[in-house]
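Summary of structural features
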Amino acid sequence: MRLLAVLCLATVGCATGAAYGPSGDSRLDSAVANKGEGTDSDKQTLQTAQQGCSDVADKLRLARSDDRPEAERLKMYADLYADLKNRVTVLEDGLQRNPDLKYREGGGKIQESLDQCNQTYADVKNEFEKFLREIVELPIVQDVKGSTRVNVARMDFGVVRDAIDVLNPDDKDQLIAKIEAAEKKVGVVTKSRGRR
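Residues numbered from 1 in each chain as written. Predicted model: local features only at pLDDT ≥ 70, side-chain atom pairs only at ≥ 80, totals over all residues. Heavy atoms only, no water.

What follows is about the side chain of R161. Relative to the assigned elements, R161 resides in helix α7 (residues 157–167). Reaching out from R161, the side chain makes a polar contact with the side chain of E183 at a distance of 2.9 Å. (Helix = DSSP H or I, 4+ residues; strand = E, 2+ residues; numbered from the N terminus. Polar contact = N/O pair within 3.5 Å; in protein donor to acceptor, adjacent residues only side chain to side chain.)

Right, dumping it as structure tokens:
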């Protein structure tokens with residue numbers, strides 16, 4: 001009787017292979033069948049890699065142009081900086097989430113695009129920060145009205161605040177304080193428009 005009970009428990013207690021999930025062959029077949037498919041973030045990473053960052057050259061040239069008004073140039077730098085930051089983030093996050101993307105069709109372009117975008121991003125950040133700091137250091141200029149000199153804002157302080165928000169430097173509070181002091185000096189008070 002004991003032998004019968006042990007045999008019953010042994011056959012019922014032993015799990016079949018299906019209880020442990022698909023076999024190795026089944027998983028391999030599934031992976032091979034789905035190799036062309038990827039998650040939405042993988043597709044976004046591959047799309048961004050195909051786009052790269054070479055298309056920003058014209059925008060950067062316009063932002064550098066001294067022929068354009070400073071406020072327009074500052075906005076262009078801010079938009080370009082935000083765009084490049086997003087592209088670098090998409091590429092880095094995609095590779096971090098799925099390192100195998102490098103080995104898929106078109107995946108070799110990801111590292112190349114990431115390197116190019118990182119370099120362009122660093123260049124734009126450097127130029128944007130330098131230009132912004134020049135404006136913050138001299139936010140007020142003198143204008144002649146009639147026969148007297150009057151202090152006026154170099155540009156709309158709201159544009160400068162928005163650019164500071166986009167760049168988000170470590171000394172953001174000091175830069176904002178300088179803009180607030182300049183606003184008091186010319187008698188203008190503006191608030192950040194809040195980007196995006």
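With that settled, consider the state of the cysteines. When the sulfur atoms of two cysteines share a covalent bond, that bond is a disulfide. Enumeration according to the criterion identifies 1 disulfide in this entry. Through a disulfide, C53 is tied to C117; the S-S separation comes to 1.8 Å. Between C53 and C117 the disulfide shows an S-S torsion of about 100°. By sign, it is right-handed. In this pair, C53 sits in the loop between α3 (40–51) and α4 (57–64) while C117 sits in helix α6 (residues 108–137), placing the two residues 64 residues apart along the sequence. (Disulfide = S-S within 2.5 Å.)

Keep in mind that most residues, glycine aside, have a negative phi and that most peptide bonds are trans. Positive phi values are uncommon outside glycine, yet N168 reaches one of about 50°. Relative to the elements of secondary structure, N168 occurs in the loop between α7 and α8 (172–186). For N168, a relative accessible area of 48% corresponds to the partly exposed category. (Buried < 20%, exposed > 50% of the residue type's maximum accessible area, 1.4 Å probe, protein only.)

Quick look at α6 now. Compared with the 44 Å implied by 1.5 Å per residue over 30 residues, the 44 Å span of α6 between its first and last C-alpha is a close match. Restricting attention to buried positions, one finds in α6 the residues I110, S113, L114, C117, T120, Y121, V124, F128, F131, L132, I135 and V136. Its buried side turned inward, α6 meets α3, α4, α5 (70–97), α7 and α8. (Expected span 1.5 Å × (residues − 1). Contact = heavy atoms within 4.5 Å.)

The next thing to look at is the nonpolar core. In this structure, L74, F128, L132, V160 and I164 are the most contacted members of the largest nonpolar core, which totals 40 residues. Contacts of F128, omitting those with residues within four sequence positions, involve L74, Y77, A78, Y81, A163, V166 and L167. (Core = buried A, V, L, I, M, F, W, Y, C linked by side-chain atoms within 4.5 Å.)

So, on to the packing of α6 against α8. Closest axis-to-axis distance for the α6/α8 pair is 9 Å, and the angle between their directions is 40°. As summarised for this structure, α6 and α8 are arranged oblique, according to the angle between their axes. Residues R133, V136 and E137 of α6 lie in contact with α8, whose contacting residues are L175, K178 and I179. A breakdown of the residues in the contact of α6 with α8 according to their chemical character gives 3 nonpolar, no polar and 3 charged. (Axes fitted to C-alpha atoms, helices over the stretch in contact; angles between N-to-C directions. Parallel < 35°, antiparallel > 145°, perpendicular 65-115°, else oblique. Nonpolar A, V, L, I, M, F, W, Y, C, P; charged D, E, K, R; others polar.)

Our focus in this paragraph is the packing of aromatic side chains. A complete count under the given rule lists 4 aromatic pairs for this structure. For the ring pair Y77 and F128, a centre distance of 6.3 Å and an interplane angle of 20° mean the geometry is stacked. Placement of the pair is Y77 in helix α5 and F128 in helix α6, with a sequence separation of 51 residues. Like Y77, the residue F128 is buried in the burial classification. On the basis of an interplanar angle of 50° and a centroid distance of 5.9 Å, the ring pair of Y77 and F131 is categorised as tilted. Of this pair, Y77 sits in helix α5 while F131 sits in helix α6, and the two are 54 residues apart along the sequence. The same class applies to Y77 and to F131, which are both buried. By way of ring pairs, the aromatic residues Y77, Y81, Y121, F128 and F131 are connected into one cluster. (Phe/Tyr/Trp six-rings, centres within 6.5 Å; stacked < 30°, edge-to-face > 60°.)

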